[in-house]
Structure formats: C-alpha cells, structure tokens
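# Secondary and tertiary structure notes
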Amino acid sequence: MKHVDEYRDGKLARAIAATIAAEADPTRDYAFMEFCGGHTHAISRYGLEDLLPANVRMIHGPGCPVCVLPIGRVDEAIELAKNPDVTLATYADLMRVPGSRGASLIKAKAAGADIRMVYSTLDAIRIAEERPDRQVVFFAIGFETTTPPSAMAVKLAEARGLTNFSIFCNHVLTPSAIRAILEAPKTGGLPPVRIQGFLGPSHVSAIIGTKPYDTFVAEFAQRIVVSGFEPLDVMQSILMLLRQVNEGRTAVENQYIRAVTPEGNRAAQALVDEVFELRDSFEWRGLGAIPHSALRLRERYATFDAERRFAMTPIVASDNPACECGTILIGAKQPADCRLFGTVCTPETPMGSCMVSSEGACAAHWTYGRFRDRARASAGRAAS
Amino acid sequence: MCLAIPAQVREILPDGMARVGLDGVVKEISTALVGDLAVGDYVIVHVGFALSKIDAVEAERTLALLAEAAGAPAEAMA
Ligand code: SF4
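Residues numbered from 1 in each chain as written. Chains lettered and ligands numbered in written order. Predicted model: local features only at pLDDT ≥ 70, side-chain atom pairs only at ≥ 80, totals over all residues. Heavy atoms only, no water.

Here the focus is the nonpolar core. Judged by nonpolar contacts, the single largest core of 70 residues is most densely connected at A:F138, A:F165, A:I167, A:Y213, A:F276 and A:W284. Other than its neighbours up to four places away in sequence, A:F276 contacts A:T147, A:S150, A:A151, A:I167, A:C169, A:H171, A:L295, A:R296, A:L297 and A:R298. (Core = buried A, V, L, I, M, F, W, Y, C linked by side-chain atoms within 4.5 Å. Buried < 20%, exposed > 50% of the residue type's maximum accessible area, 1.4 Å probe, protein only. Contact = heavy atoms within 4.5 Å.)

A word on the environment of A:A259. The topology assignment puts A:A259 in the loop between β9 (252–254) and α13 (266–275). Separated by 52 residues in the primary sequence, A:A259 and A:I207 place their C-alpha atoms 9.6 Å from one another. For A:A259, the contacting residues outside a window of four places in its chain are A:A206, B:I44, B:S52 and B:K53. (Helix = DSSP H or I, 4+ residues; strand = E, 2+ residues; numbered from the N terminus.)

Further remarks concern the interface of chain B and chain A. If you look at the interface, chain B gives 36 residues, while chain A gives 44 residues. Inspection of the region where chain B meets chain A yields six residue pairs in polar contact (both at pLDDT 80 or more). At the level of secondary structure, the elements contributing two or more residues to the side of chain B that touches chain A comprise β2 (17–22), β3 (25–30), β4 (42–46), β5 (49–53) and α1 (56–77) of chain B. In terms of residues, the side of chain B that touches chain A owes the most to one element, α1(B), which gives eleven residues. The class makeup of the residues in the side of chain B that touches chain A is 26 nonpolar, five polar and five charged. (Polar contact = N/O pair within 3.5 Å; in protein donor to acceptor, adjacent residues only side chain to side chain. Nonpolar A, V, L, I, M, F, W, Y, C, P; charged D, E, K, R; others polar.)

All names here are of chain A. Close to the ligand lie 13 residues, the nearest being C323, E324, C338, C345 and C362. Most atoms of the ligand, that is more than half of them, are within 2 Å of grid points of the largest cavity. Here the shell around the ligand gathers at least three residues from each of two domains, domain 1 (1–334) and domain 2 (335–383). (Near = heavy atom within 4 Å. 1 Å grid on protein atoms, 1.4 Å probe; cavity = no way out; pocket = protein on both sides within 12 Å on 5 of 7 lines; lining within 4 Å. Sits in = over half its atoms within 2 Å of the grid points. Domains from an automatic or database assignment.)

Residue and element names in this part refer to chain A. In total, this model carries three cavities of 30 Å³ or more according to the counting rule given. Estimated volume of the largest cavity: approximately 80 Å³. For the largest cavity, the lining is made up of 13 residues, of which C323, C325, C338, C345 and C362 are closest to its centre. In terms of residue class, the lining of the largest cavity is made up of eleven nonpolar, one polar and one charged. Taken domain by domain, the makeup of the lining of the largest cavity includes at least three residues from each of domain 1 (1–334) and domain 2 (335–383). (Points joined across faces, edges and corners; volume = space filled by probe spheres on them.)

Two side chains carrying opposite charge are able to pair once their charged atoms lie near each other. The full count for this structure, using the stated rule, is 29 salt bridges over all chains. Here A:R116 and A:D114 are joined by a salt bridge, their closest N and O atoms 3.0 Å apart. Classification of A:D114 by relative accessible area gives partly exposed; the value is 21%. A salt bridge links B:R19 to B:E11, with the nearest nitrogen and oxygen atoms 2.8 Å apart. (Salt bridge = Lys/Arg side-chain N within 4 Å of Asp/Glu carboxyl O.)

This part takes up the confidence of the model for chain B. Residue and element names in this part refer to chain B. The pLDDT averaged across chain B works out to 86; a share of 87% of its residues lies at or above 70. Within chain B, the element-level pLDDT minimum falls on α1, averaging 79, and the maximum on β5, averaging 94. Considering only residues more than four positions removed or in separate chains, one finds that residues 73–78, a stretch of pLDDT under 50, has two contacts. With a pTM of 0.91, the predicted complex shows an ipTM of 0.87. (pLDDT = per-residue confidence, 0-100.)

Residues and elements named next belong to chain A. Strand order in the open sheet formed by four strands is β4-β3-β5-β6, with parallel pairing between adjacent strands. Edge positions in the sheet fall to β4 (115–117) and β6 (165–171), since each has one partner strand and no second. Across the sheet, the axes of successive neighbouring strands diverge by a mean angle of 25°, strand direction being ignored. Both strand β5 (residues 135–142) and β6 contribute to a ladder of seven bridges, which runs parallel. Paired with V136 across the strands is F165, a residue of β6. Here helix α8 (residues 147–159) sits on the sheet in contact with β5 and β6, set at roughly 160° to β6. (Pairing = 2+ DSSP bridges. Axes fitted to C-alpha atoms, helices over the stretch in contact; angles between N-to-C directions.)

Put into structure tokens, the structure is as follows:
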C-alpha cells in the first residue's frame, strides 16, 4: 500500500540503524521517550530496539488512551450501561478493559446490557436516529485524534434535534501529560528520570500541530521530534533526536512532515474548542491526577453530556498497590522490575494500566520483549 | 488506538463524505475535518474521519531523507 510499504523496508531500517550506531557516542547514554502507544507498538512489533545500540534506550510513554483511563471511569460506564433505558456505544478497544473486580463491558453485555461496538461516532448517531426510544450514550475516549469526531457527533446531534444522544466524555490532552512527566520528579517525589528527548505523536500532531511542543524546549530544554508511525519513520526520528543531543541542540523537529504542519488542523481545533472546555483536573491511570489534562462539554452543550444527563456519580477505584505503572510511565522503572509482571499480571488478567492494551509498555514487553531479555541473558552467559 | 492509516480517495460523496480505499477495503468516511479533497488524494483515516491530507511532495522528500540517513555511514567511510 502506498505511503505504508515504503516505510517498512527492513534493509533501509538496518542501514539507518548502522548510521545511528556510527553516530552514537559510546561514552554517552541516550534515553528517549516515545509518548505514543502506537510508537510503542511499532517499536515492539518490528523489533526496533534490537536494531539500536545498547546505549540508546527507548522509554515507553503513557500515550495509550485505553491504558490511562482510570478504572473508576470504566466502572461508571458499566453502571451506565446497566440502566435499562441506555444503549452504550463504544469503540471496540474498550470492550475488554477491566474495571473493578474483573468487570468489563464485554461481561456486562453478556449479562444483558445494551452495548454496541461502533467504528465511528457517526455510527452512534445513526443508532440514536433509528432508535428514538433508546438513550444512546457514546463512550468517548482518546487523545486529540478522537476528540474532533466526538465534537462532530455532538454538533450533528444538535443539528438533527436528537434528544436521545449524549456522550460520556473522557478525552485527554497530550501536552498536559508530557508536562506531568517532565514535572513528575519535582511534584511527586519520584526519582529524576533523564529523558533527553521525545518522539512526538504522529496523528495527535496532525490535529494540534507542532507548535504546542515549543514550550517544552523553552521551559525544560527538551527535544521533540514528531514522528510518523512506520518503522522507518521511527528510526529516522531516533536519529534526529540523537543528532540533537550530539550537537547540543534542543528543538522541535518534524519528521512526519507529510501529514503534520506547525499549525495542525485548524478546522478540527476550532470544532473541539466550540464543543469542549478544560476540566480543572482529571485522573490518569498510572500517573494520578493531572491538572488541565482533559476535556468536558461546554455549558452550551450540557444536554449532550451524559455525566449531567444521568447525574452520574464519580467512582473511585485503585490499582493493585504493587503495580509499578506510574514509575514505568515516566521511565524510572521497566516492566520486568514489577513483581506482578507475567505472574499475576498478564494481558488476560491485567493488574495495571500498562498491561491493558497492546500499546501499553507492559503488554508490549509481555508480547515481544521478554524473549529478547531471555536471548540477551543467554547470549550474555555464552559470552562470559 | 491512535493508529490511523493512509487511504486513497475513490469517490467524493455528498454531505462531506467520501469513499476511500483502505488496504483493499472500501469504506465511507467523513471528510468534514479536512475540507476539499479530490479523487486520488491520500488522507490519514482514523475512526471514520479523515484527519489530514498526505502531502505527496513532502512524502517524496521524506523518502529522500530516509535514503540519505541510510547511506550516511557508507559515505563517511569512502
Ligand atoms: S506488570 Fe502489571 S502490575 Fe506490574 S507495572 Fe505492569 S501493569 Fe502494573
């Protein structure tokens, strides 16, 4: 497929890896965070870490919307779906996400709740139009990529006079999470993590542009390279970060220039701004409460807000206290450092956010990484 | 779940919709977020919406840069 296959060439990937190895200063350690779960997935799936020299380390960040959704919000959605008047429309990714005590939407559906998987918010609107007797609630989650489609649904519902449509809004903001990670050592008493640069998200940046990252250069002397999702995009972006470090530069650069501009998608931004406003604070699974990190519906669109329409009460639930996601997400620890990893906690029975989706750090390590650990360990034994 | 994929516009439909080819599958998507498109354009599609247009010129430039990144050590050795 055009615009995909060209960026998956294994030979080129190894050649770029050779350039990275040649330019990596052996006296230095490089630690870069890929914010986005999609990058984590690409890095794991294509074994890109194996191509990198030992002193170039990738830290898997929190950019996986399913992973950072707090259990309490999943519980709330399940409660809502149990309301006999409600049809809950949701993206497929959310069906298996565990809430408290092993509950999930898929189990609630099996028990009789009216839950429909949809591909697009437009499908949820269609259901509301076809079933005026049902209260259709769209379970809206995601970063800046999925927010404009939710805003569009609200606008359509209003234009078509739908009184039986609302959304349960859980949209979160990428720059706020990056800030929380950079400030974590200061605010949370967490160990300082030396992140020397970020692989910036691809499609979030297609919406918000590259400008919102400028502040991280000014305030934190950070480096951000907005990167495409394909393996060669990732390799080139790592090389760009490494060159910035070597040259003592801190800058926002754009590798994904074929789809991302400095300004981003203005129409989408205006739409989101019209429908949504900032929440004072929002809980992120694994990272805790982050100020101004999520959106809710503006007063003007209050009738489309499921939280208000159904007077939903917040449910607070917490992860297993042994879960290390918080420290893994800021790069202070690695999945294998968690004593629950692979024993109590697996993708079938996730105990924490990083195991929930294949884009999470622990799940990626479970699926692809542990074999590498084993191979390295045996290679180490053979060498000694 | 922020995975989004390039798709080629096959047909412009009324009401801000378009028919696109996605890895052999034909889908109807909303083009409301990207404005005017022409048949043959490539767009990034996510949850049924086109998020941005792919700039063919910048794509070519990126491929050239990739080749350069891959070739750099050989040049250095020569
Ligand atoms: S292995 Fe499970 S419990 Fe441990 S940090 Fe990862 S998600 Fe949390």
